[in-house]
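# Observations on the model geometry
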Amino acid sequence: MNNTKEQLASFIAQTPIFSTHEHHRDDDFYADMSLNTLFSCSYVGWYTAPPAPEAGARAAWLEKIRCNSYFVWLEKSVCSIYGEEEITPDNWDSLSEKIRRAHQEPGYHIRLLQEKAGYIRFLEDCYWNTGSDVGYPDMVTAVYRLDMWMQGFHPESVDHDGCNPHANAGYVIPDLDTYLGLLREELVRRRPSIAGLKCASAYQRTIRFQTVTREQAEALYLKHPSELSQEEQNRFGDYILDAACRIAEELDLPIQIHTGLALLEGSNPLNLEGLIASHPGNKFVLFHGGFPWIHETAGLAHNYQNVLIDINWLPLISTSAAVQALHMYIEVLPNIHTLAWGGDTWTSEEAVGASMAFRHVLTRVLSEKVDQGYFTLKQAEQLAEKIMYKNAQNIYNIIPVQTR
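Residues numbered from 1 in each chain as written. Predicted model: local features only at pLDDT ≥ 70, side-chain atom pairs only at ≥ 80, totals over all residues. Heavy atoms only, no water.

The chain goes by Amidohydrolase family protein in an unreviewed UniProt entry, where it is assigned to Paenibacillus gansuensis.

Right under this line is the structure:
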């Protein structure tokens, strides 16, 4: 490494992180942790289940997945934590036993986040129990998912995680007025303990949200899912999201939106332009850099002051794409205070890998910018602090903690 990169790498390694997005699991989940569980509950597991226990199957699986970015950063994390050079068929079982034993220590998974990932706080998207801080309020602030409300036109209609507001209420909500009133009550009640709202509907439908009248939404309410087309179901969700945006503006809650890599046909961030333009008083945080549409995300942030970019997950998806995107976002954003990052992981080990990937990307981009004369080393260090924790604290109105 050249001198600039060495200095920035050292600075960034010592700078803490406020992760804006995690799906961290609670204590019970870690009771019987293993290497197989880590792989199954990671992005590696999205591609392929862990192999059978035979050495040949493990060798073939490792050869197949070895170059994938998800695997690379998870392996780097596991090996750095548990003292191995790489994961092999020969050390698989002994490494798994190290992982299991370590997690028998109460609170170990949280200490990994603090001591290895360098987290000072994170935002939790607990989609299986939305609004939960998984039992660690001193470390965790929750966000609240809107998806079940957007899909809850009928008690048998659930979001992509199986959630439904009628089930949560314990009765069939009789009319749209009551439904909207309960949504408002829920968000107002939750406001002291949540930092934002989350829309992950890109996994279930297009994120092109249309203007829908009250009369149109009422005509859809309590219709069985079999009676409605996908377009009609979407229309109900459009109306509810519009109502939620108005409540979010009143409560000063940013709205996080999943963009890219879900249902690809409908997850291009440009689909959000109408929603963004019609709600200038809301803060819309576009997740994952919109990958693979990183340029479209930049275009929206360039044109709309209420668009913020979060590159959570992106360094794990493609480290090189994250480098390209971060270079571009630094240059394009009209307000550098609107750029943040999160790990977007289930387990502490994968969060450590996500942190390693993020620090790698940030070091490379900022050192290249300094070497090119775009800004000074001091300015690069100040920008690193913004992206790593200061921006997130400001975006989500979290009281800063002492970091240095």
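This paragraph deals with the packing of helix 14 (residues 294-303) against helix 16 (residues 319-332). The geometry of helix 14 relative to helix 16 is characterised by a closest axis approach of 10 Å and an angle of 15° between their N-to-C directions. When the interaxial angle is binned, helix 14 and helix 16 end up roughly parallel. Judged by the twist between their axes, the crossing of helix 14 over helix 16 is right-handed. Here Ile-294, His-295, Thr-297, Ala-298 and His-302 of helix 14 lie close against helix 16, whose contacting residues are Ala-321, Gln-324, Ala-325, Met-328, Tyr-329 and Val-332. Class assignment for the residues of the contact of helix 14 with helix 16 results in seven nonpolar, four polar and no charged. (Axes fitted to C-alpha atoms, helices over the stretch in contact; angles between N-to-C directions. Helix = DSSP H or I, 4+ residues; strand = E, 2+ residues; numbered from the N terminus. Parallel < 35°, antiparallel > 145°, perpendicular 65-115°, else oblique. Left-handed = near helix turned anticlockwise from the far one by under 90°. Contact = heavy atoms within 4.5 Å. Nonpolar A, V, L, I, M, F, W, Y, C, P; charged D, E, K, R; others polar.)

The grouping of Trp-46, Tyr-47 and Tyr-203 at the surface amounts to a nonpolar patch, some 370 Å² of accessible area in total. For Tyr-203, the location among the structural elements is in the loop between strand 4 (194-199) and helix 11 (214-220). (Patch = residues over 30% accessible without salt bridge, like charges linked within 9 Å, V, L, I, M, F, W, Y side chains within 5 Å. Areas by Shrake-Rupley, 256 points an atom, 1.4 Å probe, with all protein chains shown as cover. Salt bridge = Lys/Arg side-chain N within 4 Å of Asp/Glu carboxyl O.)

One pass over the full model with this rule turns up zero disulfides. No disulfide involves Cys-79; its sulfur sits 15 Å from that of Cys-67, the nearest cysteine. Cys-79 sits in the buried class, given a relative accessible area of 7%. In this model Cys-199 remains outside any disulfide bridge; the closest cysteine sulfur is found in Cys-245, 8.6 Å from its own. (Disulfide = S-S within 2.5 Å. Buried < 20%, exposed > 50% of the residue type's maximum accessible area, 1.4 Å probe, protein only.)

Let's shift gears to the sheet that holds strand 3 (residues 140-145). As summarised here, the arrangement of the eight strands in space is 1-2-3-4-5-6-7-8, forming an open sheet in which the pairing is parallel. Unpaired on one side and paired on the other, strand 1 (17-22) and strand 8 (339-340) mark the two borders of the sheet. Of the strand pairs in this sheet, strand 2 (residues 119-124) and strand 3 are connected by three bridges, and their pairing is parallel. Residue pairing for strand 3: Glu-124 is matched across the bridge by Ala-142. Relative to strand 1, helix 18 (residues 377-395) is tilted by about 65°, and along the sheet it contacts strand 1, strand 2, strand 7 (307-310) and strand 8. (Pairing = 2+ DSSP bridges.)

To continue, consider the pattern of salt bridges. Tallied over the entire structure, the rule returns 21 salt bridges. Asp-161 serves as the salt-bridge partner of Arg-145, at 3.1 Å between the closest nitrogen and oxygen. Pair noted here: Arg-145 is in strand 3 and Asp-161 is in the loop between helix 8 (147-151) and helix 9 (165-169), with a separation of 16 residues, a long-range link. Take Arg-145: its relative accessible area is 8%, and that puts it in the buried class. For Asp-161, a relative accessible area of 30% translates into the label partly exposed.

Once that is clear, we can look at the nonpolar core. Core analysis: the largest hydrophobic core is formed by 135 residues, its most contacted members being Ile-240, Tyr-329 and Leu-366. Once you skip the residues sitting within four places of it in the chain, Leu-366 turns out to touch Leu-8, Ile-12, Ile-330, Phe-375, Ala-380, Leu-383 and Ala-384. (Core = buried A, V, L, I, M, F, W, Y, C linked by side-chain atoms within 4.5 Å.)

Let us look at the pairing of strand 4. In terms of residue burial, strand 4 counts as a mostly covered element, since six of its six residues are buried. Pairing of strand 3 with strand 4, which is carried by three bridges, proceeds in the parallel orientation. Bridge pairing in strand 4 links Tyr-144 to Leu-197. Relative to strand 5 (residues 255-257), strand 4 is paired through three bridges, and the arrangement is parallel. Note that in strand 5 the partner of Lys-198 across the bridge is Gln-256.

With that settled, the discussion passes to the side chain of Thr-345. Of note, Thr-345 is situated in the loop between strand 8 and helix 17 (348-371). By relative accessible area, which is 1% here, Thr-345 ends up buried. Only 2.7 Å separates the side chain of Thr-345 from the side chain of Glu-22, close enough to count as a polar contact. Within the structure, the side chain of Thr-345 is placed 3.4 Å from the backbone oxygen of Thr-347, a separation counted as a polar contact. In this view, Thr-345 contacts His-21, Glu-22, His-23, His-24, Leu-316, Glu-350, Ala-351 and Ala-354; residues no more than four positions away in its chain are not counted. (Polar contact = N/O pair within 3.5 Å; in protein donor to acceptor, adjacent residues only side chain to side chain.)

So, on to helix 6 (residues 92-102). Buried residues of helix 6: Trp-92, Leu-95, Ser-96, Ile-99 and Ala-102, and no others. Down the axis of helix 6, the buried set is contained in an arc of 130°. They therefore lie on one face. Residues of helix 6 that are buried sit in contact with helix 2 (35-40), helix 4 (55-65), helix 5 (69-82), helix 7 (108-115) and helix 17. (Arc of directions from axis to C-beta.)

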